[in-house]
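Structural overview for review
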Amino acid sequence: MEETMGSRRKKMKADARGLMDNHFRFYLLLFLPIFILMLATGFAQFVDTTNAPALQYLDLLSLLSSLLMIGVSFVLIDLQRGVTDYSSPVSKSFTVFNKGSYFLGTIALAILIFIFTFLWSLLLFVPGIIKGLAYSQAYYIYRDHIDQGNPIGFLEAITQSRQLMDGHKWEYFVLQLSFIGWAIACVVIIPILWVLPYQHQTFANFYVQLLADQANAQDGGNDEGPVVVNPGNSQAPAASQAAAPSSEASSAPSSSDQPTETFRPDSSTPNDSNKR
């Protein structure tokens, strides 16, 4: 039976819940620095924000929280792929600072995406939203190419994100909307300690699924397609092996937590216009 958008969404959420049910302590510690920053930001809201120091403090907290969240998303993607383990969660929270290329790339992409989205928003509000969705996967694409040893430019990462999201922007928008009820539940019933990791693990699963779709859409034997890696294969790329060293084998995810295949973005530059 043909897979529908609704069934895909349910599967991505189910996969996220499965990972969290088995490793909730890991997720709690992984998101701990972000939770602390959220509390600090909330506390700062009660301070007089009409003075410059208070505003600068809020801006700094917001920037740190955004950077940490992107780095944590890198970890969540690797968890879904089965190429990292469940050890050292607090250390993994600062993944975006592990490499200068991660940090600088995230900052540069954030600036470019803001500029492009803002310019599109000058036309109408809706085009700005559409382009924001189209550019949403650029951080992960850029990071994947770094890990492959095949770095690309910032604009190329944005272009590849736009291509990857072609035909999937509405799906991602609906996926985001599906968490509105969970956000309301955070206030009344369910603590954000569970909902925030669940939400972002689902978004990470969405990215992995997009690459799986991209690989399946290409003809077999096409060298320009994504690299497909079996998690249990000893010939996995060095970047994947580095994420799960032998000294941490005891913490490696079980086979039940590993996806069937790991998908990486294509290492070649697709032919496409330079339109942003």
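Further up the page is the structure itself.
Rules used in this analysis
- Residues numbered from 1 in each chain as written.
- Predicted model: local features only at pLDDT ≥ 70, side-chain atom pairs only at ≥ 80, totals over all residues.
- Heavy atoms only, no water.
- Helix = DSSP H or I, 4+ residues; strand = E, 2+ residues; numbered from the N terminus.
- Buried < 20%, exposed > 50% of the residue type's maximum accessible area, 1.4 Å probe, protein only.
- Contact = heavy atoms within 4.5 Å.
- Areas by Shrake-Rupley, 256 points an atom, 1.4 Å probe, with all protein chains shown as cover.
- Axes fitted to C-alpha atoms, helices over the stretch in contact; angles between N-to-C directions.
- Parallel < 35°, antiparallel > 145°, perpendicular 65-115°, else oblique.
- Left-handed = near helix turned anticlockwise from the far one by under 90°.
- Nonpolar A, V, L, I, M, F, W, Y, C, P; charged D, E, K, R; others polar.
- Core = buried A, V, L, I, M, F, W, Y, C linked by side-chain atoms within 4.5 Å.
- Phe/Tyr/Trp six-rings, centres within 6.5 Å; stacked < 30°, edge-to-face > 60°.
- Expected span 1.5 Å × (residues − 1).
- Arc of directions from axis to C-beta.

Notes on the overall build of the chain
Helix and strand content of the chain: 13 helices and two strands. Within the span of the chain, comprising 276 residues, buried residues form 44% of the whole. In the chain, the share of contacts with a sequence separation of at least 24, taken over all contacts with a separation of at least 6, comes to 79%. Of the accessible surface of the chain, which amounts to about 14200 Å², a share of 62% is contributed by carbon and sulfur atoms.

Description of the packing of helix H6 (residues 100-123) against helix H9 (residues 154-164)
Closest axis-to-axis distance for the H6/H9 pair is 10 Å, and the angle between their directions is 60°. Here H6 lies oblique to H9, going by the angle between them. Considering how the two elements wind past one another, H6 and H9 form a crossing that is right-handed. Contacts between H6 and H9 involve Gly105, Ala108, Leu109, Leu112, Ile113 and Phe116 on the former and, on the latter, Phe154, Leu155, Ala157 and Ile158. Looking at the contact of H6 with H9 residue by residue, the class counts come to nine nonpolar, one polar and no charged.

Quick word on helix H7 (residues 125-134)
Every buried residue of H7 is accounted for by Gly128, Lys131, Leu133 and Ala134. Buried residues along H7 sit in contact with H6, H9 and helix H10 (169-177).

Considering the nonpolar core
By size, the foremost hydrophobic cluster in this structure holds 54 residues, and its most contacted members are Tyr27, Phe31 and Leu76. Per-element accounting of this core gives the leading share, eleven residues, to helix H12 (residues 192-217). With residues up to four places along the chain from it excluded, the contact list for Leu76 reads Tyr27, Leu30, Phe31, His200, Gln201 and Ala204.

Details of the environment of Leu32
Relative to the elements of secondary structure, Leu32 occurs in helix H3 (residues 32-44). The exposure class of Leu32 is partly exposed, given its relative accessible area of 36%. Taking the C-alpha atoms as reference points, Leu32 and Ser93, separated by 61 residues in sequence, lie 8.1 Å from one another.

Section: unusual backbone geometry
Even without glycine at this site, Ser88 takes up a positive phi of about 50°. Position of Ser88 among the secondary structure elements: in the loop between helix H4 (52-81) and helix H5 (89-92).

Some remarks on the packing of aromatic side chains
Counted under the stated rule, the structure contains 18 aromatic pairs. Ring centres of Tyr142 and Phe154 lie 5.3 Å apart, and the angle between their planes is 40°; this geometry places the pair in the tilted category. Placement of the pair is Tyr142 in helix H8 (residues 138-147) and Phe154 in helix H9, with a sequence separation of twelve residues. What links up through ring pairs into an aromatic cluster is the set Tyr172, Phe179, Trp182, Trp194, Tyr198, Phe203 and Phe206.

Some thoughts on helix H1 (residues 5-22)
The terminal C-alpha atoms of H1 lie 26 Å apart, and with 18 residues this matches the ideal 26 Å at 1.5 Å per residue to within 8%. Along H1, the positions that sit buried rather than exposed are Arg8, Met12, Lys13, Ala16, Leu19 and Met20. Each buried residue of H1 sits inside an arc of 130° when the element is viewed along its axis, so together they form one side. Relative to its buried face, H1 has exposed residues pointing more than 90 degrees away, namely Lys10 and Asp21.

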